[in-house]
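Architecture at a glance
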Amino acid sequence: MTRTASPAPKRPYLNLGAAGTVAGREITRLQGGYLRDESAAVAALARLRRGVGKGAGTVPDLWGVVDTADLYAPGGRDEADTVRAEEAVHTALTLWATHQQSRPLPMHRAGGHELGSAVRELMAHGSSEEALRKRFVRAGTAGGMSVLATRLREIVLLLRQEDIALDYALLAHQLHAWPRPGGADAVRSAWGRSFHAYRPLPGQTSAGDSSETIDTGADAGVPDLKDVL
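Residues numbered from 1 in each chain as written. Predicted model: local features only at pLDDT ≥ 70, side-chain atom pairs only at ≥ 80, totals over all residues. Heavy atoms only, no water.

**A few points about the overall build of the chain**
When helices and strands are tallied, the chain shows nine helices and zero strands. Starting at the N terminus, the α and β elements of the chain follow one another as α-α-α-α-α-α-α-α-α. Looking at the chain residue by residue over its 229 residues, the buried ones come to 46%. (Helix = DSSP H or I, 4+ residues; strand = E, 2+ residues; numbered from the N terminus. Buried < 20%, exposed > 50% of the residue type's maximum accessible area, 1.4 Å probe, protein only.)

Next comes the structure, spelled out in structure tokens:
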């Protein structure tokens, strides 16, 4: 049976900033080539997958694979923020390349799932609810970017099995915010909201509707993502 990508809850327009814009543009370009079986794009994805969990710029084989020139525009962010943007774009692209591997459908969908709603849909597909909940919580409690990337990869591999796409431009934007003061709390809050707001398609089993909640930092006083970047 041919699978089709399921729709994600609609969410308001969000300014994705430089990291999200660059990641979305480059993933869209590579994804189109990969789905057309263009050899250059297929090779680029293989190279990107080898960069998962490694720092941006530390894998020489990835130099020049994507165009990140917009992150270095004169008069823009300071050096520390540029480094954060580099890491965010690198992490989003390498995770997407892992997600897209051997899949005939696009695993990046602009305006589609963010992490929380994607995990919730995975539960609705019959995956172990408690095991997924623990992985989701582990991702939300990660400290540094390398640990977060490793924990996100665990979730991405499960999403790939069910052809559940993510909005990787949004993920890059959120990863850019993560190391900033208040950023991790704002991202956790967004992930938690999307998790709890998800509703399954007709015919799917609703999972995770118990009274138990996940502490995502969605309480009063947590900064909104737009206030962090």
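**Description of the environment of Gly33**
Along the chain, Gly33 turns up in helix α1 (residues 17–35). Along the primary structure Gly33 and Ala44 are separated by eleven residues, whereas in three dimensions their C-alpha atoms are 9.9 Å apart. When near neighbours in sequence (up to four residues on either side) are disregarded, Gly33 contacts Glu38 and Ala41. (Contact = heavy atoms within 4.5 Å.)

**As for unusual backbone geometry**
One non-glycine residue, Asp37, lies in the positive phi region at around 60 degrees. Within the chain, Ser102 stands out as a residue other than glycine whose phi angle is a positive 65 degrees. Turning to its location among the elements, Ser102 is positioned in the loop between α3 (79–100) and α4 (115–124). Residue Ser102 is classed as exposed on the basis of its relative accessible area, which comes to 55%.

**A few points about the pattern of salt bridges**
Taken as a whole and judged by the stated rule, the model has 14 salt bridges. Where Glu129 meets Arg133, a salt bridge forms, and the shortest distance between an N and an O atom there is 2.6 Å. Highlighted residues: Glu129 and Arg133, both in helix α5 (residues 129–140), separated by four residues, approximately one helical turn. By relative accessible area, Glu129 is classed as partly exposed at 28%. Close ionic contact of Arg135 with Glu154 constitutes a salt bridge, the shortest N to O distance being 3.3 Å. Pair noted here: Arg135 is in helix α5 and Glu154 is in helix α6 (residues 145–161), with a separation of 19 residues, a long-range link. Relative accessible area serves as the criterion here: at 30%, Arg135 is assigned to the partly exposed category. (Salt bridge = Lys/Arg side-chain N within 4 Å of Asp/Glu carboxyl O.)

**Quick notes on the nonpolar core**
Of all hydrophobic cores here, the largest spans 52 residues; its most connected members are Leu48, Trp96, Leu148, Leu152, Tyr168 and Trp191. If you list the elements that add at least two residues to this core, you get α1, α2 (39–49), α3, α4, α5, α6, α7 (168–177) and α8 (183–197). Sorting elements by how many residues they give to this core places α3 first, with eight residues. Not counting residues up to four positions away in its chain, the partners in contact with Leu152 are Leu95, Leu115, Ala139, Leu171, Leu175 and Trp191. (Core = buried A, V, L, I, M, F, W, Y, C linked by side-chain atoms within 4.5 Å.)

**Description of the environment of Ala110**
One can find Ala110 in the loop between α3 and α4. Judged by relative accessible area, Ala110 falls into the exposed class, the value being 69%.

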